[in-house]
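Residue strings, one per chain:
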Amino acid sequence: FMGTWGIFICFWFADNDTFRQYSEVARIISFVWLLVQSLLLVDLAHDLHDVLIAKADEVEKNGGDERGWKALYLLLTVGMFALGFTGLGFLYSDYAGCSDGQAIITITLIMGVVTTLLSLWDRVSMGI
């Protein structure tokens, strides 16, 4: 806690070159952090898939009706797709002011559709 205050106070006496260098380092670290967050989201999705399908298989093995677990799985899938498309809508409305922004958002949309279609393919081990 005291180290945070020390860094804060030291920045009051730093010159502008320090902040320029810090901005470059922060830009790289933030990109790496975004990659880590993406990997964590993919890991969460795989874990959620494993848990929900295991619960459905367990209920089916015991002679029960597994449709509740599968319905929850389908509901979560549809909800995540709705959130994804809502986020893309916000990206197009707020950040597509230039051609580069539109291109990056469109590539994101295309990659999302391609990976969704690939996950429906039988040769892919995990998927919807």
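Please refer to the structure higher up on the page.
Residues numbered from 1 in each chain as written. Predicted model: local features only at pLDDT ≥ 70, side-chain atom pairs only at ≥ 80, totals over all residues. Heavy atoms only, no water.

Caption draft 1: Main features of the environment of Ser-23. One can find Ser-23 in helix α2 (residues 16–61). Its relative accessible area of 32% is what places Ser-23 among the partly exposed residues. Along the primary structure Ser-23 and Thr-77 are separated by 54 residues, whereas in three dimensions their C-alpha atoms are 38 Å apart. At 2.7 Å, the side chain of Ser-23 and the backbone oxygen of Arg-20 are in polar contact. (Helix = DSSP H or I, 4+ residues; strand = E, 2+ residues; numbered from the N terminus. Buried < 20%, exposed > 50% of the residue type's maximum accessible area, 1.4 Å probe, protein only. Polar contact = N/O pair within 3.5 Å; in protein donor to acceptor, adjacent residues only side chain to side chain.)

Caption draft 2: Spatial organisation of helix α4 (residues 99–119). Taking 1.5 Å per residue, 21 residues should reach 30 Å; α4 reaches 30 Å between its end C-alpha atoms and fits that length. Every buried residue of α4 is accounted for by Gly-101, Ile-105, Thr-116 and Ser-119. Around the axis of α4, the buried residues are gathered within 70° of arc, so they sit on the same side. Opposite the buried face of α4, by more than 90 degrees, sit the exposed residues Ser-99, Asp-100, Ile-107 and Leu-117. Elements in contact with the buried residues of α4: α3 (67–95). (Expected span 1.5 Å × (residues − 1). Arc of directions from axis to C-beta. Contact = heavy atoms within 4.5 Å.)

Caption draft 3: Region of the structure containing the environment of Phe-90. Its location among the elements puts Phe-90 in helix α3. Under the relative-accessibility criterion, Phe-90 is labelled exposed at 52%. When the C-alpha positions of Phe-90 and Gly-63 are compared, they lie 45 Å apart, and in sequence the two are 27 residues distant.

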